[in-house]
Amino acid sequence: MRRSARPDPGHYPYLDSAAGTPPRPQPIALSHRGFAPDGGENTLAAFERAVDLGFRYLEIDVHASSDGVVVVFHDEVLDRVTGVRGPVAARTARELGGLSVGGRGGIPTLEAVLLRWPELRLNIDVKSDACVRPFADLINRHAAHDRVLVASFSDRRRLAVLRLLDRPTASSAGMAVNTLLKLAAPLGLAGPLARAARVQALQVPETYRGVRVVTRGFVRRCAAAGLQVHVWTVNERAGMDRLLDLGVHGIVSDAADVLAECMAGRSTWPPGRPGS
């Protein structure tokens, strides 16, 4: 009975070698929006640079274009990184692909990323309600369920995606479920709650509004409930080492070069080159 209350990571290949394979699991290293220290986040060029560093996991964001195509972009509006004003959702995928993101190319479609690197695993933050159905349809069409983890700050949106997918797919908690699990973990209720919320991972900052979220006890309790803990966004080597010493299962970083160096000092790196 107790076992059945735990999420079963064996059903989610995304997470298997993500934390390694027995008997010595290794943490997941996720390159945040690719590697773009000089601009061009969430572009094919940024992803290529992360892959060249040895990353097998990327954290990316998706929206829907005006013609219902899933595109890789973080903000709701284009202003910050393209120099063009207006919402992403007001332009077609072709128009978005023709824009310059930090001088590193246009806004790519998610399909292009899936096809370019067939072994790459993607932590995907679904940013808009309009993206829910086209995103689920794309994952179903490419049978990419084992390659993605569905994320969103909105648990309602995240669950809407999961209901549309043809096969079980890994997912991380939104803000509401993250808060509940943080409160439930000391009471031994994290496992049943995570199973009800269809969650296999918690992706959290080390601290939030001055409150420490990630502690050794929190990581231990989550692991006992079958939950992985991934921490974002960690860009300093000292912070990476401190969190890995606490036992976290994954780190998300803008500083992919620093994270690769950190992982190389602790395990075999690179873990296998996607697309090779």
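This report concerns the structure included in the present document.

Before going further, it helps to spend a moment on the pairing of strand β4 (residues 121-126). In terms of burial, β4 is largely enclosed, as 6 of its 6 residues are buried. Burial of β4 is two-sided: the residues Arg 121, Asn 123 and Asp 125 facing one way and the residues Leu 122, Ile 124 and Val 126 facing the other way are all buried. When strand β2 (residues 57-64) meets β4, the two strands line up parallel, connected through 6 bridges. Along β4, the bridge assignment pairs Glu 59 with Asn 123. Tracing the backbone out of β4, into helix α5 (residues 132-141) and back to the parallel element strand β5 (residues 148-151) gives a crossover that is right-handed.

Glancing now at the pattern of salt bridges. Under the definition given, this model contains 21 salt bridges. Between Glu 111 and Arg 141 there is a salt bridge whose closest N-O contact spans 3.7 Å. Of this pair, Glu 111 sits in helix α4 (residues 110-116) while Arg 141 sits in helix α5, and the two are 30 residues apart along the sequence. Under the relative-accessibility criterion, Arg 141 is labelled exposed at 55%. Through salt bridges that share partners, Arg 33, Glu 41, Asp 61, Asp 75 and Arg 80 make up one connected network.

With that out of the way, let us pick up the packing of aromatic side chains. Overall, the coordinates contain 4 aromatic pairs when judged by the stated rule. Ring geometry for Phe 47 against Trp 117: centres 6.4 Å apart, planes inclined by 80 degrees, an arrangement best described as edge-to-face. Here Phe 47 is found in helix α1 (residues 44-52), whereas its partner Trp 117 is found in the loop between α4 and β4, with 70 residues between them in sequence. Taken as a pair, Phe 47 and Trp 117 share a single burial class, namely buried. On the numbers, 6.5 Å between centres and 90 degrees between planes, the contact of Phe 153 with Trp 232 is edge-to-face. Here Phe 153 is found in the loop between β5 and α6 (155-164), whereas its partner Trp 232 is found in strand β10 (residues 228-232), with 79 residues between them in sequence. Over the aromatic face of Phe 218 sits the side chain of Lys 182, whose NZ or CZ is 4.5 Å from the ring centroid.

Thresholds applied
- Within each chain, residues carry numbers counting from 1 in the order of the written sequence.
- Local features in a predicted model are, by the rule used here, given only for residues with pLDDT of at least 70; side-chain atom pairs are given and counted only at 80 or more, and totals for whole chains, interfaces and linings are based on all residues.
- The basis for the side-chain values is all heavy atoms of the structure; hydrogens and waters are excluded.
- Burial classes: relative accessible area under 20% of the type maximum marks a residue as buried, over 50% as exposed, and values in between as partly exposed (1.4 Å probe, protein chains only).
- Working definition: helices are DSSP H or I runs of at least four residues, strands are E runs of at least two. Numbering for both runs from the N terminus.
- Strands are treated as partners if at least two bridges between them are detected by DSSP.
- By convention, a crossover is right-handed whenever its connection, traced from the first strand over the helix to the second and viewed with the strands pointing away, goes clockwise.
- A carboxyl oxygen of Asp or Glu within 4 Å of a side-chain nitrogen of Lys or Arg is what we treat as a salt bridge.
- Whether two aromatic rings pair depends on their centres lying within 6.5 Å, for rings of Phe, Tyr and Trp, where Trp uses its six-membered ring; planes under 30 degrees apart make the pair stacked, over 60 edge-to-face, and the rest tilted.
- In this scheme, Lys NZ or Arg CZ marks a charge over a ring once it lies within 6 Å of the ring centre and within 35 degrees of the ring normal.

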